[in-house]
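Examining the three-dimensional arrangement
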Amino acid sequence: EPEVTQTPSHQVTQMGQEVILRCVPISNHLYFYWYRQILGQKVEFLVSFYNNEISEKSEIFDDQFSVERPDGSNFTLKIRSTKLEDSAMYFCASCPAGETQYFGPGTRLLVL
Amino acid sequence: QKEVEQDPGPLSVPEGAIVSLNCTYSNSAFQYFMWYRQYSRKGPELLMYTYSSGNKEDGRFTAQVDKSSKYISLFIRDSQPSDSATYLCAMRGAGNNRKLIWGLGTSLAVNP
């Protein structure tokens, strides 16, 4: 069964450094998402992406964040200058035409 | 009022028990309702997906949606130790490409 994959599984970085989180969505899915989950808190929506552009973003997704689909398979989330409060699990999700979303295993980001 | 409320538990039951999990919500625009299961430090795994009001059954799992009360439930029959996980409700509005709004998740332990 096809799955969403994410790399790396864990990332430790220093405050102010740039990180890129990578995702390979399920092929033939059209919509792509990033969510994050701070320990002990709800899963939060960050951004959705369709047809090579952002379709919606939350107030969390400020100028420090960007997304890209550099080729036909990868979907990346970049955080330009990480802050301590960016420490969280980051989940990528994809879905076929507007139906339910399938999630990857997540990247655990720790900012020191 | 929070958009989606879910009692975090923890809930502890003996093997074979019927488990009832639920969420309430405030936004009447929500049309699609999902239950995800999340094992520790893993990504959310889709369990049930329901549109509008009604019941849906899949094996030992039954999802119920009561839009008039803004209340959704997940029932697990004949619970197994492998069902021990966190169960998250999520919901979204109509149309394609809509962000999911999440409950906090209920931690369930099924004891052998």
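Please refer to the structure higher up on the page.
Okay, so let's go over this structure. This one's a predicted model, so the numbers in the text were calculated from it and none came from an experiment. (Residues numbered from 1 in each chain as written. Chains lettered and ligands numbered in written order. Predicted model: local features only at pLDDT ≥ 70, side-chain atom pairs only at ≥ 80, totals over all residues. Heavy atoms only, no water.)

Overview of the overall build of chain B
A tally of regular secondary structure across chain B gives zero helices and eleven strands. The order of α-helices and β-strands along chain B, N terminus first, is β-β-β-β-β-β-β-β-β-β-β. Against the globule reference of 13 Å for 112 residues, chain B gives a C-alpha radius of gyration of 13 Å, in line with a compact fold. Taken along its principal axes, the extent of the C-alpha atoms in chain B is 40 × 30 × 25 Å. (Helix = DSSP H or I, 4+ residues; strand = E, 2+ residues; numbered from the N terminus. Rg over C-alpha atoms; globule rule 2.2 N^0.38 Å.)

Focus: the sheet that holds strand β8 (residues 71-76) of chain B
What holds strands together in a sheet is hydrogen bonding between their backbones, with the strands either parallel or antiparallel. Residue and element names in this part refer to chain B. Read from one edge to the other, the open sheet built from five strands follows the order β1-β3-β8-β7-β6, with strand pairing classed as antiparallel. What marks the edges here is a single partner per strand, and that holds for β1 (4-6) and β6 (54-58). On average, each strand axis in the sheet is inclined to that of its neighbour by 15 degrees, with strand direction left out of account. Direction of pairing for β1 relative to strand β3 (residues 19-25): antiparallel, over a ladder of three bridges. Considered in β3, the bridge of Glu5 is made with Thr24. (Pairing = 2+ DSSP bridges. Axes fitted to C-alpha atoms, helices over the stretch in contact; angles between N-to-C directions.)

Re the state of the cysteines
Residues and elements named next belong to chain A. This model, assessed by the stated rule, comprises two disulfides over all chains. The disulfide partner of Cys23 is Cys92, and the gap between their sulfur atoms is 1.9 Å. Disulfide Cys23 to Cys92: torsion about the S-S bond roughly -60 degrees, handedness left-handed. Taken together, the residues Cys23 in strand β3 (residues 19-24) and Cys92 in strand β9 (residues 88-95) connect sequence positions 69 residues apart. The exposure classification of Cys23 matches that of Cys92, with both residues buried. (Disulfide = S-S within 2.5 Å. Buried < 20%, exposed > 50% of the residue type's maximum accessible area, 1.4 Å probe, protein only.)

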